[in-house]
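Listed below are the residues making up each chain.
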Amino acid sequence: MQVDLEPGKYVLAVSGGVDSMVLLDLLAGRPDLALTVAHFDHGIRMDSKFDAIFVRLACTRYGLPFVTERAELGPDASEATARTARYDFLRRTLQEAGAAAIVTAHHQGDRVETAVINWQRGTGRRGLTALKDRPDIKRPLLAYSKAQLLKYAEKNNISWREDSTNHLPQYARNRVRQKLSGQDISGLAAALDALQKTNDTIDQLIEEQLNTHLLKQGLERKWYKELPTDVATEIMAAWLRKSDLADFDRLTLERLTQAAQTAATGKKFDIRRGAFLAIQKDFLAIEK
């Protein structure tokens, strides 16, 4: 297996599961990488402390620095809560280590599962390709299937820890994984690759239009009012992200788009606590 990761300094997220243990083995021997292994214990399982011990021992064998943190989220923690806590820890570790990016072991199956979950949630085209490389998060295993990772682990005598929560039905990802189990998802993965290219092109065009019509005081309203609703919605989403207001849902996005195109001058609409969309005669403004 070949891992595409540029030389540099990284924080490698290792849970102790087979995916991250394979990635650890693939990267540990590369002299062009400076790795800090980071393990986050959610405190959801009674036996999770043994995962941290397991990963620490592996890092000792590989001669890599190891950082860990434990939270006490409890067995009722949601997927969103667990994910937020984990990435908060990883980003703090990233800053403390002075690294270029976080590296995770997400693979082809994770990518397809994320697309299905986001489709079910109605997140739109971007949600279907949400799991990808970013400047601050590298995912070098996205081209590989779970079966390939298991085969590598077996061939190279790599041991790992099984997370019992991966089978609990209260988590949406587990339910989707169960439905996809045993199915050939290579076609879906290929379709997501094609969609990713399309999304990148659309995002570039939207960014160009937004930059052209985003004035010093706000977004040009006359131009925005004349846009087709679907295009206006995409522009609104891009503007919110550009304004560090990315945590919106579909209903909020549609509500703000309609307000921006039809509401009377002087009106204000809540985006989230402390942030508002202000309707002016010639422009739209985001107030915080």
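Before reading further, recall that the structure is shown in the block above.
Residues numbered from 1 in each chain as written. Predicted model: local features only at pLDDT ≥ 70, side-chain atom pairs only at ≥ 80, totals over all residues. Heavy atoms only, no water.

## Regarding the side chain of Arg221
No. 1: With respect to the helices and strands, Arg221 occurs in helix H9 (residues 221–225).
No. 2: One buried charged residue, Arg221, forms no salt bridge at all, with the nearest opposite charge on Asp282 at 8.4 Å. (Helix = DSSP H or I, 4+ residues; strand = E, 2+ residues; numbered from the N terminus. Buried < 20%, exposed > 50% of the residue type's maximum accessible area, 1.4 Å probe, protein only. Lys, Arg positive; Asp, Glu negative; His and termini not counted. Salt bridge = Lys/Arg side-chain N within 4 Å of Asp/Glu carboxyl O.)

## Re the pattern of salt bridges
No. 1: Evaluation of the coordinates by the stated rule reveals 21 salt bridges.
No. 2: For Arg30, the salt bridge identified is with Asp32, shortest N-O distance 2.8 Å.
No. 3: Between Lys242 and Glu207 there is a salt bridge, with the nearest N and O atoms lying 3.0 Å from each other. Of this pair, Lys242 sits in helix H10 (residues 229–242) while Glu207 sits in helix H8 (residues 186–213), and the two are 35 residues apart along the sequence.
No. 4: Taking relative accessible area as the criterion, Glu207 reaches 30% and is therefore assigned partly exposed.

## Here we look at the sheet that holds strand S6 (residues 219–220)
No. 1: Taken together, the 4 strands give an open sheet; going across it, the order is S6-S9-S8-S7, and neighbouring strands pair in antiparallel fashion. Lying at the two open borders of the sheet, with one neighbouring strand each, are S6 and strand S7 (268–272).
No. 2: Of the strand pairs in this sheet, S6 and strand S9 (residues 283–287) are connected by 2 bridges, and their pairing is antiparallel. Counterpart to Leu219 in the pairing with S9 is Leu284. (Pairing = 2+ DSSP bridges.)

## Here we look at H10
No. 1: A rise of 1.5 Å per residue sets the reference length of H10, with its 14 residues, at 20 Å; its end C-alpha atoms lie 20 Å apart and thus fit the reference within 8%.
No. 2: For H10, the full list of buried residues reads Ala232, Thr233, Ile235, Met236, Ala237, Ala238, Trp239 and Leu240. (Expected span 1.5 Å × (residues − 1).)

## Section: a nonpolar patch on the surface
No. 1: The grouping of Phe50, Ile53 and Leu57 at the surface amounts to a nonpolar patch, some 290 Å² of accessible area in total.
No. 2: By the element assignment, Ile53 lies in helix H2 (residues 49–62).
No. 3: Accessibility expressed as a relative area gives 45% for Ile53, which makes it partly exposed. (Patch = residues over 30% accessible without salt bridge, like charges linked within 9 Å, V, L, I, M, F, W, Y side chains within 5 Å. Areas by Shrake-Rupley, 256 points an atom, 1.4 Å probe, with all protein chains shown as cover.)

## A few points about the pairing of strand S2 (residues 33–41)
No. 1: With 8 of its 9 residues buried, S2 lies for the most part within the structure.
No. 2: Here 6 bridges tie strand S1 (residues 8–13) to S2, and the two strands are oriented parallel to one another. Residue pairing across strands places Ala13 opposite Ala38, the latter belonging to S2.
No. 3: With 5 bridges connecting them, S2 and strand S3 (residues 66–70) associate as parallel partners. Across the sheet, His39 pairs through a bridge with Thr68, a residue of S3.
No. 4: Read from S2 through H2 to S3, the crossover connection turns out right-handed. (Right-handed = clockwise from strand over helix to strand, strands pointing away.)

Shape descriptors only; they carry no functional weight alone.
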